[in-house]
Amino acid sequence: LGPRVRPSRRRAAVASSSATGELRGLVQMARLKNVPMGAALVAFGAYGARHAPPRPPTMVASQLVLGVATTTIVTTGSMLINDYHDWRGGVDT
């Protein structure tokens, strides 16, 4: 066996920029500007439930964080799924 040949830096740079471009595109498709509205709705719901039986503050905080995280995942996921199916159907092209 001969000496190991290192991959060229150019190939690594192209792969890196391609991955960065894909990630940038996914972030744009997720429409993260819509996430604060969903998070605000979770916060308003938590405020509306303030008369519920008392719970420890750590439990309330963890439930609020879980609600915001779930809302973020559902919101961004639905945006990505919608854009994918629009693209496949040729709606937004």
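That block above? That's the structure.
The shown structure was predicted, so the numbers you read here are calculated from the model rather than taken from an experiment. (Residues numbered from 1 in each chain as written. Predicted model: local features only at pLDDT ≥ 70, side-chain atom pairs only at ≥ 80, totals over all residues. Heavy atoms only, no water.)

Engineer: Residues and numbers for the packing of helix 2 (residues 35-48) against helix 3 (residues 57-89), please.
Structural biologist: Put simply, helix 2 and helix 3 touch, their axes get as near as 9 Å, and they point 145° apart. Read as a crossing pair, helix 2 and helix 3 show a hand that is right-handed. Contact residues: Val35, Gly38, Ala39, Val42, Ala43 and Ala46 in helix 2; Leu64, Gly67, Val68, Thr71, Thr72 and Thr76 in helix 3. Here the residues of the contact of helix 2 with helix 3 are counted per class, giving 7 nonpolar, 5 polar and no charged. (Axes fitted to C-alpha atoms, helices over the stretch in contact; angles between N-to-C directions. Helix = DSSP H or I, 4+ residues; strand = E, 2+ residues; numbered from the N terminus. Left-handed = near helix turned anticlockwise from the far one by under 90°. Contact = heavy atoms within 4.5 Å. Nonpolar A, V, L, I, M, F, W, Y, C, P; charged D, E, K, R; others polar.)

Engineer: Can you explain helix 3? Please cite residues and give values.
Structural biologist: Between its first and last C-alpha atoms helix 3 spans 48 Å; for 33 residues at 1.5 Å apiece the expected length is 48 Å, and the two agree. When we look at burial in helix 3, the residues that qualify are Thr71, Thr75, Thr76, Met79, Asp83 and Asp86. Directly after helix 3, the chain includes glycine 90, whose backbone phi takes a positive value near 75°. (Expected span 1.5 Å × (residues − 1). Buried < 20%, exposed > 50% of the residue type's maximum accessible area, 1.4 Å probe, protein only.)

Engineer: Can you lay out the environment of valine 27 for me, pointing to particular residues and giving the numbers?
Structural biologist: Within the secondary structure, valine 27 is located in helix 1 (residues 9-30). Given the relative accessible area of 41%, valine 27 is considered partly exposed. Along the sequence, valine 27 and threonine 76 sit 49 residues apart, while their C-alpha atoms lie 8.9 Å from each other.

Engineer: Just give me the short version of the environment of tyrosine 84, but keep the residues and values in it.
Structural biologist: With respect to the element layout, tyrosine 84 can be found in helix 3. Taking the C-alpha atoms as reference points, tyrosine 84 and methionine 29, 55 residues apart in sequence, are found 9.3 Å from one another.

Engineer: I'd like a description of a nonpolar patch on the surface, backed by residues and values.
Structural biologist: On the surface, Leu23, Val27 and Leu32 cluster together to form a nonpolar patch covering roughly 270 Å² of accessible area. Locating leucine 32 in the fold gives a position in the loop between helix 1 and helix 2. (Patch = residues over 30% accessible without salt bridge, like charges linked within 9 Å, V, L, I, M, F, W, Y side chains within 5 Å. Areas by Shrake-Rupley, 256 points an atom, 1.4 Å probe, with all protein chains shown as cover. Salt bridge = Lys/Arg side-chain N within 4 Å of Asp/Glu carboxyl O.)

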